[in-house]
Amino acid sequence: MNWLLLRGLAREQRHWGEFKSKLHDLPFVDEVLCLDLPGFGEAVDEESPLTIEEITDNLREKFLDKAEENDTWGICAISLGGMIAMDWLSRFPKDFEVAKLMNTSSANYSAPWKRFKGYNFIHPGLLRETDFSIHDIEKMILATISNRYAHSEAVLNEWVKIRESCPYDPLDVAKQLAAGAIFYAQPERIHQPVLLLCSAQDRLVDTSCTLNLAKDFKNAYINIHPTGGHEISLDEPDWVCEKMASRFGTKTVD
């Protein structure tokens, strides 16, 4: 099976770190394709749309250009990327056979203050770059979304390099926030097997957001990590791969 990976708010494919290679090494995985959301990474020259549906349409056009017609695909997404994945699965059910969604949410299932607890870094960290250096901004972001690597200089330096090599427009972050804020999921329309992963110690999105969504999926499995942060694929990549293998693969990871 091939897998499409989608990142979340103000992140790009290089933020997958070692998770991408660990996923690719699993026995049931053939190819791994990453697509950047418009306004970020390889798509930095594009303008971010104001709705999740428009972001989905943008990414789907690129996906269909790259995917072979008879290939089997799954979609793996985190946070805002999970919203895009839910919209994609509900409107274009033939594109993917399975899905894995991490620490995501929806406006019709959770209150705004549960869906986004990151007010301590979003305003200064992403929208007011004149008052903070890139190093300071990425340090605030890392300290909020990662538990294991919250104070890691190695990860921080890598994220600073990513930001410096491909700076994004803060206006596109605001547009992503607006798109996510008004997104309404329709899990009852999603019939593919869905693995939901969330973190009990997520300091950005409350765990209840995933639990609320899980109730209305037709064919969903949920696992909660006790200590991982919002950036669960960074904090616990082996655990994420193990859960994926146990649901979608031929064997679990040793």
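About the criteria used
- Residues numbered from 1 in each chain as written.
- Predicted model: local features only at pLDDT ≥ 70, side-chain atom pairs only at ≥ 80, totals over all residues.
- Heavy atoms only, no water.
- Patch = residues over 30% accessible without salt bridge, like charges linked within 9 Å, V, L, I, M, F, W, Y side chains within 5 Å.
- Areas by Shrake-Rupley, 256 points an atom, 1.4 Å probe, with all protein chains shown as cover.
- Salt bridge = Lys/Arg side-chain N within 4 Å of Asp/Glu carboxyl O.
- Helix = DSSP H or I, 4+ residues; strand = E, 2+ residues; numbered from the N terminus.
- Pairing = 2+ DSSP bridges.
- Axes fitted to C-alpha atoms, helices over the stretch in contact; angles between N-to-C directions.
- Parallel < 35°, antiparallel > 145°, perpendicular 65-115°, else oblique.
- Left-handed = near helix turned anticlockwise from the far one by under 90°.
- Contact = heavy atoms within 4.5 Å.
- Nonpolar A, V, L, I, M, F, W, Y, C, P; charged D, E, K, R; others polar.
- 1 Å grid on protein atoms, 1.4 Å probe; cavity = no way out; pocket = protein on both sides within 12 Å on 5 of 7 lines; lining within 4 Å.
- Points joined across faces, edges and corners; volume = space filled by probe spheres on them.

(A) Broad picture of a nonpolar patch on the surface. A contiguous nonpolar surface patch, about 210 Å² in accessible area, is contributed by Leu211, Ile222 and Ile224. Within the element layout of this structure, Ile224 appears in strand E6 (residues 220–225).

(B) Geometry of the sheet that holds E6. In space, the six strands of this open sheet follow the order E2-E1-E3-E4-E5-E6, with parallel pairing throughout. Unpaired on one side and paired on the other, strand E2 (32–34) and E6 mark the two borders of the sheet. Between one strand axis and the next, the sheet turns by 15° as a mean value, whatever way the strands run. Sheet topology places strand E4 (residues 98–102) next to strand E5 (residues 194–199); four bridges connect them, and they run parallel.

(C) Representation of unusual backbone geometry. The phi angle at Ala10 is positive, at roughly 60°, despite the residue not being glycine. Here Ala10 is to be found in the loop between strand E1 (2–6) and helix H1 (19–24). At Asn103, a residue that is not glycine, the phi angle is positive and equals roughly 45°.

(D) Here's a closer look at the packing of helix H6 (residues 134–145) against helix H7 (residues 153–165). Here H6 crosses H7 at 125°, and the two axes come no closer than 9 Å. In terms of orientation, H6 lies oblique with respect to H7. In this structure, the crossing between H6 and H7 has a hand that is right-handed. Along its contact with H6, which presents Ile134, His135, Ile137, Glu138, Lys139, Ile141, Leu142 and Ile145, the element H7 presents Glu153, Val155, Leu156, Trp159, Val160, Arg163 and Glu164. Within the contact of H6 with H7, the residues separate by chemical class into nine nonpolar, one polar and five charged.

(E) Local environment of empty space enclosed by the protein. Taken as a whole and judged by the stated rule, the model has one cavity of 30 Å³ or more. In this structure, the largest cavity occupies an estimated 60 Å³ of space. Classifying every residue of the lining of the largest cavity by side-chain character gives five nonpolar, two polar and four charged.

(F) Seen up close, the packing of helix H2 (residues 52–66) against helix H3 (residues 80–91). The interhelical angle for the contact between H2 and H3, taken along N-to-C directions, is 75°, at an axis separation of 9 Å. Taken together, the axes of H2 and H3 lie roughly perpendicular to each other. Across the interface between the two elements, Ile52, Glu53, Ile55, Thr56, Asp57, Leu59, Arg60 and Phe63 of H2 pack against Leu80, Met83, Ile84, Asp87, Trp88 and Arg91 of H3. For the contact of H2 with H3, a count of residues per class yields eight nonpolar, one polar and five charged.

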